[in-house]
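Summary of structural features
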Amino acid sequence: MVEDDGEVPDEGEAEKAYIEVCVRKGNRIRVADQRCDDAERGYSWYFIPAEKRVPALGKRAGKGSLRKPSGEILRAAKKGGRGNDVSIVDVEDRVMVCVRKETRTRVSDRACNGRKRIFRWYYIRIDRHVPAVGEKAEAGSFRVPYGDTYNAIQKGGIGTKAAIDYEDYEDSDIEDDTDDGSNDTATDTDTDTDRVTTGCGIGCRRCTGVCNGSSSNGRRRGGRR
């Protein structure tokens, strides 16, 4: 197994920017981001200081760390490189749906409001397809996004039409769904807290809504750092 380079700044160090790339854990070969977005086993985000060279897809990553640093985190173009040409800021608004972690099958929002970690929020760009309850979610991410997030109507559809604003959430048909995972007895032992999202971004302990179990969440601010 390849060791972590461990270049993570001290807490007192000035905030700096990092580029995140998805790598195979065993050899740190860069792969498509979607594998890490979907939290596939055997893959992990790797964080490289913005001033260092970022590998292209298929190349080995170095001069970084598997440990998430503090500071601004950006994505990288597939071709890799160094400096401004390689960094991508993902600020698209997203629609969030509750899914079973292992299958990404959409379930009721109530399942993610509970304590069972076999359910997770999955964030899909607002210009893409949002699955109906019972369908598999695709092309999104378990990572908390930078932009605003919205809940979605039960029947899904194109994100711009399926998204629900705060004032519309309580009147939506999403709460009519009964598959909230209440009959599931399995537990999830995943302790990767960076992957366990709540829909409230980094302000979870200060916000209301899904963090304390309320269904009145509708639209939320992102804020992933």
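Conventions and cut-offs
Residues numbered from 1 in each chain as written. Predicted model: local features only at pLDDT ≥ 70, side-chain atom pairs only at ≥ 80, totals over all residues. Heavy atoms only, no water. Helix = DSSP H or I, 4+ residues; strand = E, 2+ residues; numbered from the N terminus. Buried < 20%, exposed > 50% of the residue type's maximum accessible area, 1.4 Å probe, protein only. Areas by Shrake-Rupley, 256 points an atom, 1.4 Å probe, with all protein chains shown as cover. Disulfide = S-S within 2.5 Å. Phe/Tyr/Trp six-rings, centres within 6.5 Å; stacked < 30°, edge-to-face > 60°. Lys NZ or Arg CZ within 6 Å of the ring centre and 35° of its normal. pLDDT = per-residue confidence, 0-100. Contact = heavy atoms within 4.5 Å. Polar contact = N/O pair within 3.5 Å; in protein donor to acceptor, adjacent residues only side chain to side chain.

Some remarks on the overall build of the chain
Counting secondary structure elements, the chain contains 4 helices and 12 strands. Each of the 225 residues in the chain was classed as buried or not, and the buried ones make up 45%. Total accessible area on the chain is roughly 11,600 Å²; 45% of this is exposed by carbon and sulfur atoms.

Quick look at unusual backbone geometry
Backbone geometry at Arg-28 places phi at a positive 60°, although glycine is not the residue there. Relative to the assigned elements, Arg-28 resides in the loop between strand S1 (17-24) and strand S2 (30-31). Classification of Arg-28 by relative accessible area gives buried; the value is 2%.

Examining the state of the cysteines
Evaluated as defined, the whole model comprises 2 disulfides. When the cysteines of the chain that form disulfides are numbered from the N-terminus onward, they connect as 1-2, 3-4.

Some thoughts on the packing of aromatic side chains
One pass over the structure, following the stated rule, counts 1 aromatic pair. Taking 5.0 Å as the distance between ring centres and 70° as the angle between the ring planes, the aromatic pair formed by Tyr-122 and Phe-142 counts as edge-to-face. Of this pair, Tyr-122 sits in strand S7 (residues 119-125) while Phe-142 is found in the loop between strand S8 (129-130) and strand S9 (149-152), placing the two residues 20 residues apart along the sequence. You can call Phe-142 buried: its relative accessible area is 1%. Here the basic side chain of Arg-120 rests over the ring of Phe-142, its NZ or CZ set 4.8 Å away from the ring centre.

Looking at the confidence of the model for the chain
Counting all residues, the mean pLDDT for the chain is 77, and 67% of those residues have values of 70 or more. Long-range and interchain partners of residues 173-180, a stretch whose pLDDT sits below 50, account for 26 contacts in this model, where long-range means more than four residues apart. Throughout residues 185-216 the model reports pLDDT below 50, and contacts reaching past four residues in sequence, or to other chains, amount to 66 contacts.

Focus: the side chain of Ser-141
Position of Ser-141 among the secondary structure elements: in the loop between S8 and S9. Judged by its relative accessible area of 3%, Ser-141 falls in the buried class. Polar side-chain contacts of Ser-141 include one of 2.7 Å to the side chain of Asp-37. Polar side-chain contacts of Ser-141 include one of 2.9 Å to the backbone nitrogen of Arg-143. Ser-141 has contacts with Asp-37, Arg-75, Arg-94, Trp-121, Tyr-122 and Tyr-123, leaving out every residue within four places of it along the chain.

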